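Residue-level listing of the chains:
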Amino acid sequence: MTAPFLSPLAGCSTESKAETLKNWAGNLTYGTNQLDQAESVQQARELVKKYDKVKALGTRHCFNKIADSDDRFVSLVGAPEDIVIAVDRKSVTVNSGIKYGELSPFLHEKGFALHNLASLPHISVAGAIATATHGSGEKNGNLASAVSGLEMISANGELIQLSREKDGEKLNAAVVHLGALGVLTKVTLDLQPTFLMTQYVYENMPLVQLQDHFDEIQASGYSVSLFTNWQSQSIAEVWVKQRADAPSMNQKEWLGATLATKNLHPIPELSAENCTTQMGVSGPWYERMPHFKMGFTPSSGDELQAEYFVPRQNAVDAIMAIARLGDQVGPYLLTSEVRAIAADELWMSPCYQQDCITIHFTWKPDWASVSKLLPIVERELAPYNARPHWGKLFTMAPTELEKHYPKLNDFRNLAQEYDPQGKFRNAFLDKNVFGTA
Ligand SMILES: Cc1cc2nc3c(=O)[nH]c(=O)nc-3n(C[C@H](O)[C@H](O)[C@H](O)COP(=O)(O)OP(=O)(O)OC[C@H]3O[C@@H](n4cnc5c(N)ncnc54)[C@H](O)[C@@H]3O)c2cc1C
């Protein structure tokens, strides 16, 4: 999972081998393999100053071209870990390229926790907040909502520092940065006291239960995920992650579903070896909140992903609309997941000022078919104000996207301030964010 470009040398390294450079899923070959590994903020600044066009690259887990470049990359993944906890402020400042899976055990050991994690711990902090990466939990904002400070290099090489305290709304503007504002070097995250969690999985909950009990299901845990392939009238697996100090969900039957008697994988055919421990065994927050363990391949590894955010009040209608597509989408799916995310104040977050649910699709790696199905899914979800995940596959037109982001023009102005010549832009941003392609 580690980027294969880490220099054993102390200085920054430039990769220009003939091999191509791909994203994690392998569905995308980037437009260049020119990658500079910065080992320090100073090196990153020099690189930004040196090049007319450059793109920061994280752990390469996006499925679309948001991270792509035809020119060159700079990466801070693998830069020395420099984790500074401010106990009085309950915050931690990290190098932007650190992975949640590297940071979390350290925090736990020191008595702290993050409020939320994605399904996998393998991703970098800068890359995750760029795309509003989220976990689940109706009271939990996405991962970016924990950011209380940022340090980044603007296009002219200047070091910009923003904090919640000092900059307020400007920080809200910059956190879900889409890779468009600068090269992030440091990120400060809110902490809370560490806690233990358990997770229970329930099998085969009749879909009809969602009609009357959706709120109850979402409120049953700190983080709740529903997995199905939409081909039967039931939710195959309901994962309920609870704080160990909350009343336990340990009941054999729940809303027509039965408690699993062994650990399961969200893709039922796959071994649960790669998954975090279930069956009510208590463990640290970072070993229960993600579905997948660090050190193992998350999900299937051979897949495509798409995901849509729907305002919470439209949740059940949107879910039922997708259920009606079951026969069409089911054969092409490995699994599909429904999660809940709390509203935030981050301008480019799909949950800006509204609680959401997400409907996620882990597709088989068959782009010819998936590319035909995405417009169908998007058409069905359109009446429910669906917007796509910034880091996953979608076909929605930029004019449609624009309708969902009331702060888009302000974000464009901010990007213009930090990057007037478009040093950090790429074709994805030109098309979907700046409307110039
Ligand atoms: C198996 C799997 C499971 C996933 N599960 C979830 C999930 O549970 N929830 C969810 O929301 N998403 C999920 N995702 C999507 C993923 O978390 C996001 O796409 C995330 O952005 C990936 O982070 P990254 O570091 O790999 O970013 P990259 O793909 O490397 O880059 C993403 C963006 O961040 C920018 N960027 C990266 N580093 C910097 C930096 N230092 N400075 C400035 N810009 C930077 C890039 O330019 C680009 O715009 C999953 C993906 C996979 C492959």
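Before any of the text, the structure's been laid out above.
Okay, so let's go over this structure.

A few words on the overall build of the protein. Looking only at helices and strands, one finds 12 helices and 21 strands in the protein. Here the protein has a C-alpha radius of gyration of 21 Å; the compact-globule value for 437 residues is 22 Å, and the two agree. Counting only C-alpha atoms, the protein reaches 60 × 45 × 40 Å along its principal axes. Buried residues in the protein amount to 62% of all 437 residues. Sequence-distant contacts, at least 24 apart, represent 71% of the contacts inside the protein between residues at least 6 apart. Computed over 39 positive and 49 negative side-chain charges, the inter-centroid distance for the protein is 2 Å.

For H389, the position within the fold is in the loop between β21 (387-388) and α10 (398-403). Not counting chain neighbours up to four residues away, the residues in contact with H389 comprise N64, T131, T133, H134, E307, F309 and F394.

Moving on, we get to the sheet that holds strand β6 (residues 91-95). Remark on secondary structure: sheet strands pair via backbone hydrogen bonds, oriented parallel or antiparallel. Reading across the sheet, the 5 strands line up as β5-β6-β10-β8-β9 and stay open at both edges, with antiparallel pairing between neighbours. In this open sheet, the two strands that pair with only one neighbour each are β5 (84-86) and β9 (159-163). Strand-to-strand twist in this sheet, taken as the mean axis angle between neighbours without regard to direction, amounts to 15°. As paired strands, strand β8 (residues 147-153) and strand β10 (residues 183-190) are joined by 6 bridges and run antiparallel to one another. For E151, the partnering residue across the bridge sits in β10 and is K186. In this fold helix α2 (residues 100-109) packs onto β5, β6 and β10, with an angle of close to 145° to the strand it touches most, β6.

Parameters at a glance
Along each chain, numbering runs from 1 in the same order as the chain's sequence is written. The model is predicted, so local features are restricted to residues of pLDDT at least 70 and side-chain atom pairs to those at 80 or more, both for listing and for counting; the totals for chains, interfaces and linings are taken over all residues. For the side-chain quantities, the full set of heavy atoms in the structure was used; hydrogens and water were omitted. Secondary structure is summarised from DSSP: a helix means a run of H or I of at least four residues, a strand means a run of E of at least two, and numbering begins at the N terminus for each. We take the radius of gyration over the C-alpha atoms and set the globule estimate at 2.2 Å times the residue count to the 0.38 power. Exposed residues in this analysis have more than 50% of their type's maximum accessible area, buried residues have under 20%, and partly exposed residues fall in between, with area computed by a 1.4 Å probe over protein chains only. Every residue pair with non-hydrogen atoms within 4.5 Å of one another is taken to be in contact. We count Lys and Arg on the positive side and Asp and Glu on the negative side, and we leave His and both chain ends out. Charge positions are represented by NZ for Lys, CZ for Arg, CG for Asp and CD for Glu. DSSP bridges decide pairing: two strands pair if at least two such bridges lie between them. For helices, the fitted line uses only the C-alpha atoms of the stretch in contact; every axis is such a line through C-alpha atoms, and the angle between N-to-C directions lies from 0 to 180 degrees.

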